[in-house]
Amino acid sequence: MPEICETLLRVDRHPKEPVFRGMKAFITYLILAGGLLLSGCATNPVTGKQDLVLMTEDQEISLGRRAHQDLMRQYRPYNDPELQNYVAGIVRDLSQQSHRKDLVFHVTVLDSPEINAFALPGGYIYITRGIMAYMNTEAEMAGVLGHEIGHVTARHGVQQQSTGAVADLLGKGLEVLTGSQVASQAAGIGSMALIRGYGRKHELEADRLGAEYLARVGYDPKEMLSVVGILKSQEEFERKLAKQEGREPNIYHGVFATHPDNDTRFKEVVQAANKFKSPVARKVNREKFLGFIDGLPVGPSASDGVLRGHKFYHGDLDLVIVFPEGWKVDNRPDRLVAGPANRELQLQITVEDLNRYLTPREYLVQRTQGRLRQGKDIQTADFTGYTGRTSLNVKGTARPGRVAVLFQDTRIYTIAAIGENQSALDRHDSAVLSTVKSMRNLKGSERKLAEPQRIRLVRVKPGDTFASLADQSTLTNHPVEQLRLLNGMFPEGEPEPGQWIKLVR
């Protein structure tokens with residue numbers, strides 16, 4: 001502090017020089033940041049040491065509650081009260097052995113195929129059905145949940161928020177000093193690097209705490225090693241599959257994402273938890289866990305629609321779409337994206353409500369602001385529509401495209417096909433029109449095809465292999481490898497007679 005006071009005195013002697021006025025403001029920001037650092041220190045409930053925390057526990061809980069409400073506008077809880085209660089019971093047991101026993105933890109199983117689990121400040125824990133499909137025991141699931149509880153008990157989210165607040169204040173000070181937003185932006189990038197630099201440290205601390213809570217409850221802490229092995233195998237398979245299909249891998253940066261292969265430090269912190277082992281050992285509860293996830297959807301849910309081969313079925317929308325064979329189709333939360341393997345054309349299909357009584361032609365002309373060419377009516381088996389050609393803006397560049405709309409009662413389907421160039425659009429135009437004209441309502445016999453694929457338990461018979469069991473599955477893309485992954489036997493394991501395993505049907 002004496003050095004800061006000295007500098008302030010020097011600044012006051014040159015009040016008319018802009019650089020010194022900037023320096024004075026910058027130092028003021030430093031003092032404010034220093035004040036935050038001093039006033040924002042709190043005792044970490046895990047370590048007993050002082051951490052930079054700019055909010056009370058009540059504020060942390062309030063932050064988590066608001067963030068939870070925002071999150072649930074993006075995700076749906078998985079509609080299975082028995083499974084939700086089962087997972088909540090495991091979280092309750094683990095949290096009662098944690099460093100924040102007085103905090104009420106809330107856990108939600110999310111209806112998402114993402115392979116992920118995460119936590120918000122204040123005791124809000126989330127696990128997706130996507131990651132649960134790859135778990136094979138209650139103890140493995142407990143390992144995932146214990147890790148997330150560790151993030152909350154050590155207040156990692158609050159520490160990151162506090163570090164970001166101070167870094168932002170320092171960044172604004174640099175902006176005043178230099179008169180340039182570039183410096184402020186650089187400081188922001190630096191603060192993000194600083195926060196991400198905590199990633200490995202925080203993950204290891206969450207590992208250590210999760211392993212401790214598992215041991216205190218009666219699980220073997222080594223179950224956390226099993227979980228990482230399962231997720232690393234899934235990541236390896238996904239990377240290989242993405243490379244074959246010419247796309248980016250869908251790798252989720254959630255639980256255990258920072259662990260390298262053969263992570264010695266991770267193994268050390270897990271093994272160190274053995275000193276907390278409960279005298280009453282808890283079973284891994286394999287069959288109990290599998291019973292709870294029997295029937296769990298694999299991949300998109302019914303409300304997202306189901307892709308079977310090159311046909312898309314959606315029960316809630318009463319919709320069938322037939323794409324050209326060989327096209328890649330990506331079922332995203334808000335749209336369908338499809339196109340040929342060489343990616344010289346992309347087709348997108350979205351749906352929205354019809355809010356005014358317009359004809360398909362009137363609606364499309366309005367949407368394209370009168371820039372529609374070669375317009376014509378379309379009639380599918382069940383829908384009326386209109387289509388034409390126009391220029392579509394892609395990141396500031398005009399690209400040739402075909403657009404179409406189809407009306408289904410009070411719903412509008414908008415189809416936009418964008419060519420890499422005019423010749424690409426011309427080459428695939430008939431395939432685009434064929435896709436549009438294929439759109440219709442479900443027939444009675446197709447209703448079951450709109451149901452998602454689900455996990456079904458079967459008992460292995462003598463002579464069964466994953467290759468023979470794959471013939472009983474509805475999986476079509478590398479079914480043997482996928483069954484091995486789902487059953488924790490990747491890359492070369494085989495089931496044993498009498499064992500319960502997961503099939504997908």
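Keep in mind that this is a model prediction, so the values were computed, not measured.

1. Describing the sheet that holds strand β8 (residues 311–314)
Then, number 1: Taking strand neighbours across the sheet as the criterion, the three strands line up as β7-β8-β9 in an open arrangement whose pairing is antiparallel. In the strand order of this sheet, the two ends are held by β7 (306–308) and β9 (319–322), each with one partner. The sheet shows a mean angle of 20 degrees between the axes of neighbouring strands, taken without regard to direction.
Then, number 2: Note: β7 against β8, three bridges, orientation antiparallel. Note that in β8 the partner of Arg308 across the bridge is Lys311.

2. Here's the deal with the confidence of the model for the protein
Then, number 1: For the protein, the average pLDDT comes to 85, and 80% of its residues sit at 70 or higher.
Then, number 2: Note on residues 1–33: pLDDT under 50 across the span, and 30 contacts to partners over four residues away in sequence or across chains.
Then, number 3: Taken together, the stretch residues 164–198 has pLDDT below 50 and engages in 38 contacts with residues farther than four places along the chain or on a different chain.

3. Here's the deal with helix α12 (residues 360–367)
Then, number 1: Considered for burial, the residues of α12 that qualify are Pro360, Tyr363 and Leu364. Angular distribution of buried residues about the axis of α12 spans 90 degrees; they occupy a single face of the element.
Then, number 2: Buried-residue contacts for α12 involve β12 (345–353), β14 (384–394), β15 (397–408) and β16 (411–419).

4. Structural notes on the nonpolar core
Then, number 1: If you look at the biggest cluster of nonpolar residues, it comprises 66 residues, and the most contacted ones within it are Val87, Leu94, Ile127, Met132, Met135, Met141 and Leu145.
Then, number 2: Every residue in contact with Met141, bar those within four places of it in the chain, is listed here: Tyr86, Val87, Ile90, Ile127, Met132, Met135 and Phe289.
Then, number 3: In this structure, Leu317, Phe323, Tyr413 and Ala431 belong to the second largest nonpolar core, which totals 23 residues.

5. Here's the deal with the packing of helix α9 (residues 223–245) against helix α15 (residues 479–486)
Then, number 1: For the pair α9 and α15, interaxial distance at closest approach is 10 Å and the crossing angle is 160 degrees. By the criterion of interaxial angle, the relationship of α9 to α15 is roughly antiparallel. Viewed along their axes, α9 and α15 form a crossing whose handedness is left-handed. Across the interface between the two elements, Ser233, Gln234 and Phe237 of α9 pack against Glu481, Gln482 and Leu485 of α15.

6. Details of unusual backbone geometry
With the exception of glycine, the majority of residues adopt a negative phi angle, and the majority of peptide bonds are in the trans configuration.
Then, number 1: Note the cis peptide between Phe490 and Pro491, where omega equals 10 degrees.
Then, number 2: Looking at the element boundaries, Pro491 is found in the loop between α15 and β18 (500–504).
Then, number 3: Its identity is not glycine, yet Asn285 carries a phi of approximately 55 degrees, on the positive side.
Then, number 4: Along the chain, Asn285 turns up in the loop between α10 (264–271) and α11 (286–293).

7. Overview of the packing of helix α4 (residues 81–95) against helix α6 (residues 138–153)
Then, number 1: Two elements in contact, α4 and α6, have axes separated by 10 Å at closest approach and are oriented at 55 degrees. Looking at the two axes, α4 sits oblique to α6. In this structure, α4 crosses over α6, and the sense of that crossing is right-handed. Within the contact between the two elements, α4 uses Tyr86, Val87, Ile90, Val91, Leu94 and Ser95 and α6 uses Glu138, Met141, Ala142, Leu145, Gly146 and Ile149.
Then, number 2: Residue classes in the contact of α4 with α6 are distributed as nine nonpolar, two polar and one charged.

8. Quick notes on the environment of Arg66
Then, number 1: Looking at the element boundaries, Arg66 is found in helix α3 (residues 57–71).
Then, number 2: Reaching out from Arg66, the side chain makes a polar contact with the side chain of Ser62 at a distance of 2.8 Å.

Cut-off values and rules
- Residues numbered from 1 in each chain as written.
- Predicted model: local features only at pLDDT ≥ 70, side-chain atom pairs only at ≥ 80, totals over all residues.
- Heavy atoms only, no water.
- Pairing = 2+ DSSP bridges.
- Helix = DSSP H or I, 4+ residues; strand = E, 2+ residues; numbered from the N terminus.
- Axes fitted to C-alpha atoms, helices over the stretch in contact; angles between N-to-C directions.
- pLDDT = per-residue confidence, 0-100.
- Contact = heavy atoms within 4.5 Å.
- Buried < 20%, exposed > 50% of the residue type's maximum accessible area, 1.4 Å probe, protein only.
- Arc of directions from axis to C-beta.
- Core = buried A, V, L, I, M, F, W, Y, C linked by side-chain atoms within 4.5 Å.
- Parallel < 35°, antiparallel > 145°, perpendicular 65-115°, else oblique.
- Left-handed = near helix turned anticlockwise from the far one by under 90°.
- Nonpolar A, V, L, I, M, F, W, Y, C, P; charged D, E, K, R; others polar.
- Polar contact = N/O pair within 3.5 Å; in protein donor to acceptor, adjacent residues only side chain to side chain.

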